[in-house]
Amino acid sequence: YRAEGVQVHLYRPESRPPPNLIFMRDLFFMTPEGAVIARPAAQQRAGEERQAAAALARLGVPILMTFRGHATFEGADALWLDPQTVLIGVGLRTNQEAQVRLAPLLEDLGVQSIGVPMPTTGIQHLLGIINPIDRTLVALRRRHIHPLLLDRLARQEIETIDLPEDEEITERGRMN
């Protein structure tokens, strides 16, 4: 990342971190104006979002939103399709309540959010079925993609690379 001119910040917890803290992508979602802090659905991840929020605050990143009540949201369920469109995977980890709460914030930023229904088994996050490679190219697991998303990709002339459902993907989670 640094070789490409990206500023990288490493987070080093002061005490022994929980085992899933390595998956920082789940704990927040970045917008051009600041971060949306996640509220993980998995009980074993509860509280990790506070560490991410504190680290972002120390870096001076504005916190635009957090979730409460029954809303659950994980950053790996949010994907920038283009500068004006964010896909929100709604399913096991991010629920409809979170998507409904996030939509007005994105709208205020001039961004459309599109809720994408997620499979009910076998897939944790939107980024487990689709990942951008370039502005007009994505890798995906076609059999898990909702037709709404396939249609959107086609309308935007985004080329797709279908990944095989082999052991690297299904057993080792390489897509995520």
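Residues numbered from 1 in each chain as written. Predicted model: local features only at pLDDT ≥ 70, side-chain atom pairs only at ≥ 80, totals over all residues. Heavy atoms only, no water.

S.K.: How should the side chain of arginine 152 be read in this particular structure?
M.R.: Inspection of the secondary structure assignment puts arginine 152 in helix α3 (residues 147-155). The side chain of arginine 152 is buried and forms no salt bridge, while aspartate 82, the nearest opposite charge, is found at 4.8 Å. With residues near it in sequence (within four places) discarded, arginine 152 still touches Leu81, Thr85, Gln112 and Ile114. (Helix = DSSP H or I, 4+ residues; strand = E, 2+ residues; numbered from the N terminus. Buried < 20%, exposed > 50% of the residue type's maximum accessible area, 1.4 Å probe, protein only. Lys, Arg positive; Asp, Glu negative; His and termini not counted. Salt bridge = Lys/Arg side-chain N within 4 Å of Asp/Glu carboxyl O. Contact = heavy atoms within 4.5 Å.)

S.K.: Got a minute to help me understand the pairing of strand β6 (residues 112-117) in this structure?
M.R.: Both faces of the sheet carry side chains from a regular strand, because those side chains alternate between them. Bridging between strand β5 (residues 85-90) and β6 involves 6 bridges; their strand directions are parallel. Bridge pairing links valine 86 to serine 113 in β6. In the classification by handedness, the crossover that spans β5, the intervening helix α2 (residues 96-108) and the parallel β6 is right-handed. (Pairing = 2+ DSSP bridges. Right-handed = clockwise from strand over helix to strand, strands pointing away.)

S.K.: I tried to follow the pattern of salt bridges on my own but got confused; where do I start?
M.R.: Oppositely charged side chains can pair when the atoms bearing their charge come close. Counted according to the given criterion, the structure contains 8 salt bridges. Where arginine 101 meets glutamate 97, a salt bridge forms, and the shortest distance between an N and an O atom there is 2.5 Å. In this pair, arginine 101 and glutamate 97 are both assigned in helix α2, 4 residues apart and thus about one turn of the helix distant. With a relative accessible area of 27%, arginine 101 lands in the partly exposed category. Notably, a salt bridge pairs arginine 142 with aspartate 162, separated by 2.8 Å at the nearest N-O pair. Taken as a pair, arginine 142 in the loop between β8 (137-140) and α3 and aspartate 162 in strand β9 (residues 159-162) lie far apart in primary sequence, 20 residues in all. Judged by its relative accessible area of 36%, arginine 142 is partly exposed. Three or more residues are tied together by salt bridges with common partners; here these are Asp26, Arg45 and Glu48.

S.K.: How should the sheet that holds β6 be read in this particular structure?
M.R.: To summarise the sheet geometry, strands pair through backbone hydrogen bonds and adopt either a parallel or an antiparallel arrangement. Across the sheet, 3 strands lie side by side as β4-β5-β6; this open sheet has mixed pairing. Unpaired on one side and paired on the other, β4 (78-82) and β6 mark the two borders of the sheet. Each neighbouring strand pair of the sheet contributes to a mean axis angle of 30°, computed without reference to strand direction. On the sheet, α3 packs against β4, β5 and β6 and is oriented at approximately 135° with respect to β6. (Axes fitted to C-alpha atoms, helices over the stretch in contact; angles between N-to-C directions.)

S.K.: Can you help me understand helix α1 (residues 48-58) in this one?
M.R.: An α-helical turn contains 3.6 residues, so a residue and the one three or four places further along point in the same direction. Of all the residues in α1, the buried ones are Glu48, Glu49, Ala52, Ala53, Ala55 and Leu56. Buried residues along α1 cover an arc of 165° about the axis, so they all sit on one side. For α1, exposure combined with an orientation more than 90 degrees from the buried face picks out Arg50 and Arg58. Contacts from the buried residues of α1 go to β1 (28-31), β2 (34-37) and β3 (63-65). Of the residues flanking the end of α1, it is glycine 60, one or two places downstream, whose phi is positive at about 85°. (Arc of directions from axis to C-beta.)

S.K.: Help me understand the sheet that holds β2, please; the structure alone is not making it clear to me.
M.R.: Pairing is mixed in the open sheet, where 3 strands are placed in the order β1-β2-β3. The two strands at the open ends of the sheet, each matched to only one other strand, are β1 and β3. Direction aside, neighbouring strands of the sheet carry axes that sit 35° apart on average. α1 contacts β1, β2 and β3 of the sheet and is inclined by roughly 165° relative to β2. Here α2 sits on the sheet in contact with β1, β2 and β3, set at roughly 125° to β3.

Function cannot be read off these values alone, since they describe shape.
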